[in-house]
Amino acid sequence: MRALHLVQAMALRVCLLALVGVVKSVDLACTDAEPQAPRDVTPGYTGILATRYEPYGEEERRNFLQANLHFHLGAEHKNDGEYDQAPPAGDLASTVAPGLFCKTDGLSPAEKLPYNFQHCKNVSVGLTYEFHWVFSSGAPGQLADDGSEGELGIADGLGGAFARTVNADVIVRGQVCLIYNNASLDTDAKIEADYADFLTKWRPPPAGQAVKYVGSTTGSSYNDNVCSPAEVNWHVDLKCCKLSAQAFDRTCKAMYDEGLREDLKPKGSRPPVDRRWVADVTFPLQPVCEVPVREGNSN
Ligand SMILES: *[C@@H]1O[C@H](CO)[C@@H](O)[C@H](O)[C@H]1NC(C)=O
Ligand SMILES: *[C@@H]1O[C@H](CO)[C@@H](O)[C@H](O)[C@H]1NC(C)=O
């Protein structure tokens, strides 16, 4: 009897280790994979694969913990008329695979002047980056006693999303920003105000201008043949945001202070996935009022 229990325990352990292996390393043939990301989020664009459930929204995201922030060179997602441009001619400051870019016509000559980044590496003014805030049901941060988000526990890469459970639910916020130089941000206080805790918060998208959908992890190691085995609930801003170089560099400083080293430079972009590997629909992302969670619990 005892021996049987031991065998069962060992079998369970082997299964769990195998599952960790799947989550962390095994790539799938796209013919065997669930819906992938990044997708074309242009309104009206449809994929082929069935969406099995309505993805998590803002309500759930608030109860998840942030595991990471990283950024890609260019947009991985695509929205026609917003982030849909080929990489600009000239120096991209990085050798990783570029994604899609925002138009720079709106920038004044002063806003295109180079900025001497102290904390971000291999980035440049006038280029576009897609920022990914990774939230997970299994991240190593701490929930405060009232259930609201407590201490930040972010780390390089996506491993933190699976720190406390191998089958974590993951929500990633994606926001595409064009970097411009704002010379009037000439004091630490002004930079701090413009930064506005970008480490943990995106620039709230205009009402009705963000979507959620079921996809996967991204990055340049996946394509239309080799797909990702890790499911992600995506929240994506449809507009090109403008982020000052000063606030970007302040963000990298905050990332450094949290212990991040690898994610201070851009990652390569996976091109938007062929519609054969994309979920049929996206859903509007409804914002939630920022009221304390579980207020009124007495103790
Ligand atoms: C980052 O920039 C340095 C200095 O310009 C360059 O030598 C290096 O190749 C760049 N790294 C990547 C990954 O592009
Ligand atoms: C540049 O920063 C100033 C001062 O904080 C701000 O008022 C202004 O709106 C910024 N410029 C742009 C184009 O956002």
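These numbers were taken from a predicted model, which means no experiment stands behind them.

1. Focus: the confidence of the model for the protein chain
Item 1. Chain-level pLDDT for the protein chain is 88 on average; 85% of the residues reach the 70-or-more range.
Item 2. Here residues 1–24 scores under 50 on pLDDT; set against residues more than four positions off or in separate chains, the count is eight contacts.
Item 3. Segment residues 293–299: pLDDT under 50, and eight contacts once partners within four positions in sequence are set aside and those in other chains are kept.

2. Quick look at the site of ligand 2
Item 1. What surrounds ligand 2 is the set Asn-182, Ser-184, Leu-185, Lys-190 and Asp-194.
Item 2. Looking at the shell around ligand 2 residue by residue, the classes come out as one nonpolar, two polar and two charged.

3. Points about the environment of Gly-215
Item 1. As for its position among the elements, Gly-215 is in strand 7 (residues 210–216).
Item 2. For Gly-215, a count of 29 C-beta atoms within 10 Å corresponds to the buried category.
Item 3. Here the alpha-carbon distance between Gly-215 and Pro-38, two residues 177 residues apart in the chain, equals 7.3 Å.
Item 4. Ignoring anything within four residues of it in the chain, the contact list for Gly-215 reads Pro-35, Gln-36, Ala-37, Arg-39, Val-232, Trp-234 and Ala-279.

4. Some words on the pairing of strand 7
Item 1. The buried fraction of strand 7 amounts to seven of the seven residues, a majority that puts the element mostly inside the structure.
Item 2. Burial of the side chains of strand 7 extends over both faces: Ala-210, Lys-212, Val-214 and Ser-216 are buried on one face and Val-211, Tyr-213 and Gly-215 on the other.
Item 3. Judged from the seven bridges that link them, strand 7 and strand 9 (residues 231–244) form a sheet pairing that is antiparallel. Bridge assignment links Ala-210 to a residue of strand 9, and that residue is Asp-237.

5. Topic: the nonpolar core
Taken as a class, soluble globular proteins show a tendency for nonpolar side chains to be buried jointly.
Item 1. In this structure, Tyr-129, Val-134, Ala-161, Ile-179 and Phe-248 are the most contacted members of the largest nonpolar core, which totals 64 residues.
Item 2. If you list the elements that add at least two residues to this core, you get strand 2 (65–73), strand 4 (101–102), strand 5 (128–136), strand 6 (170–180), strand 7, strand 9 and helix 4 (245–257).
Item 3. The greatest single-element share of this core, amounting to eight residues, is contributed by strand 6.
Item 4. In this structure, Val-134 is in contact with Gln-66, Ala-67, Asn-68, Leu-158, Ala-161, Val-170 and Val-172, ignoring residues within four places of it in sequence.

6. Let's talk about the site of ligand 1
Item 1. Near ligand 1 the following residues occur: Ser-94, Thr-95, Val-96 and Asn-122.
Item 2. Its residues assigned to classes, the shell around ligand 1 shows one nonpolar, three polar and no charged.

7. What to know about the environment of Leu-264
Item 1. Topologically, Leu-264 is positioned in the loop between helix 4 and strand 10 (283–284).
Item 2. A C-alpha to C-alpha distance of 9.2 Å links Leu-264 and Thr-251, two positions 13 residues apart in sequence.
Item 3. In contact with Leu-264, not counting residues within four places along its chain, are His-119, Cys-120, Lys-121, Cys-252, Met-255 and Tyr-256.

8. Topic: the sheet that holds strand 7
Item 1. An order of 2-5-6-9-7-10 is seen for the six strands of this open sheet, with the pairing classed as mixed. Since the sheet does not close on itself, it has two edges, and those belong to strand 2 and strand 10, each with one partner.
Item 2. Examined bridge by bridge, strand 7 and strand 10 share two bridges and lie antiparallel to one another. Residue pairing for strand 10: Lys-212 is matched across the bridge by Phe-283.
Item 3. Strand contacts of helix 4: strand 2, strand 6 and strand 9, with the helix running at about 135° to strand 9, the strand carrying the most contacts.

9. Here's the deal with the pairing of strand 9
Item 1. The element strand 9 is largely enclosed, with a buried count of eleven among its 14 residues.
Item 2. Here strand 6 runs beside strand 9; their pairing, made up of nine bridges, is parallel. Bridge assignment links Tyr-180 to a residue of strand 9, and that residue is Ser-244.

10. Some remarks on helix 4
Item 1. The end-to-end C-alpha distance of helix 4, which contains 13 residues, comes to 18 Å, matching closely the 18 Å that a straight helix rising 1.5 Å per residue would cover.
Item 2. Residues of helix 4 that are buried include every one of Ala-245, Gln-246, Ala-247, Phe-248, Asp-249, Arg-250, Thr-251, Cys-252 and Met-255, and no others.
Item 3. Contacts made by the buried residues of helix 4 are with strand 2, strand 6, helix 3 (188–195) and strand 9.

11. A word on the packing of helix 3 against helix 4
Item 1. Running from N to C, helix 3 and helix 4 cross one another at 85°; their axes reach a closest spacing of 9 Å. On the basis of the axis angle, helix 3 is roughly perpendicular to helix 4. Touching Ile-191, Asp-194 and Tyr-195 of helix 3 are Gln-246, Ala-247, Arg-250 and Thr-251, all from helix 4.
Item 2. Class assignment of the residues belonging to the contact of helix 3 with helix 4 gives a composition of three nonpolar, two polar and two charged.

12. Regarding the environment of Thr-200
Item 1. Note on placement: Thr-200 falls in the loop between helix 3 and strand 7.
Item 2. Classification of Thr-200 as partly exposed rests on a count of 16 C-beta atoms within 10 Å.
Item 3. Between the alpha carbons of Thr-200 and Met-255 there is a distance of 9.9 Å; along the sequence they are 55 residues apart.
Item 4. Once residues within four sequence positions are removed from consideration, Thr-200 is found in contact with Gln-66 and Leu-152.

Parameters at a glance
Residues numbered from 1 in each chain as written. Chains lettered and ligands numbered in written order. Predicted model: local features only at pLDDT ≥ 70, side-chain atom pairs only at ≥ 80, totals over all residues. pLDDT = per-residue confidence, 0-100. Contact = placed C-beta atoms within 7 Å. Near = placed C-beta within 6 Å. Nonpolar A, V, L, I, M, F, W, Y, C, P; charged D, E, K, R; others polar. Helix = DSSP H or I, 4+ residues; strand = E, 2+ residues; numbered from the N terminus. Buried ≥ 20, exposed ≤ 12 C-beta atoms within 10 Å, placed from the backbone. Pairing = 2+ DSSP bridges. Core = buried A, V, L, I, M, F, W, Y, C linked by C-beta atoms within 7 Å. Axes fitted to C-alpha atoms, helices over the stretch in contact; angles between N-to-C directions. Expected span 1.5 Å × (residues − 1). Parallel < 35°, antiparallel > 145°, perpendicular 65-115°, else oblique.

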